[in-house]
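Residues per chain, in single letters:
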Amino acid sequence: MSFDHAATTTAATEVFPTYHAEDLARGGNQARILLNGQIYSLRITRAGKLILTK
């Protein structure tokens, strides 16, 4: 998983980590993300869009 040091910043100069979706999916088109015991599915569509579902 790579980290892009040119991360998005806000007016308050807060820096957020930036990840490549392809890295999260490890070369595939889907990844699972765990948050507070819930599993979410992140899917990369053929059109290059992202869909996040619970």
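Quick note: structure is the one above.
Per chain, the residues get numbers from 1 upward, laid out in the order the sequence is written. At least 70 in pLDDT is required for a residue's local features to be given in this predicted model, at least 80 for side-chain atom pairs to be given and counted, and no such filter applies to totals for whole chains, interfaces and linings, which use all residues. Processing note: side-chain calculations cover all non-hydrogen atoms of the structure and skip hydrogens and water entirely.

Let us now look at the overall build of the protein. The helix count covers DSSP runs of H or I at least four residues long, the strand count covers runs of E at least two residues long, and both are numbered beginning at the N terminus. Summing up its helical and strand segments, the protein has one helix and three strands in all. The helix and strand sequence of the protein, counted from the amino end, reads α-β-β-β. A total of 54 residues make up the protein; the buried ones form 15% of that total. With an accessible surface of roughly 4,700 Å², the protein has 53% of that area assigned to carbon and sulfur atoms. Using a 1.4 Å probe on the protein chains alone, a residue whose accessible area is under 20% of its type maximum counts as buried, one over 50% counts as exposed, and one in between counts as partly exposed. Shrake-Rupley sampling with a 1.4 Å probe provides the accessible areas, and residues are treated as covered by the protein chains on show and by no other component.

Once that is clear, we can look at the sheet that holds strand S2 (residues 38–44). In short, DSSP must find at least two bridges between two strands for them to pair. The three strands lie next to each other as S1-S2-S3, forming an open sheet whose pairing is antiparallel. The sheet is open, and its two borders are formed by strand S1 (30–35) and strand S3 (50–53), each paired with just one other strand. Shown here is a sheet whose adjacent strand axes are inclined to one another by a mean of 20 degrees, direction ignored. Axis definition: a line fitted to C-alpha atoms, limited for helices to the stretch in contact. Angles are taken between N-to-C directions and run from 0 to 180 degrees.

Attention shifts here to the pairing of S2. In this structure, S1 lies alongside S2, joined through six bridges in antiparallel fashion. Residue pairing for S2: Arg32 is matched across the bridge by Ser41. Hairpin geometry of S1 and S2 is characterised by an intervening segment of two residues between the two adjacent antiparallel strands and by a positive phi of about 50 degrees at Asn36. Of the pairings in the sheet, the one linking S2 to S3 comprises four bridges and is antiparallel in character. Counterpart to Ile44 in the pairing with S3 is Leu50.

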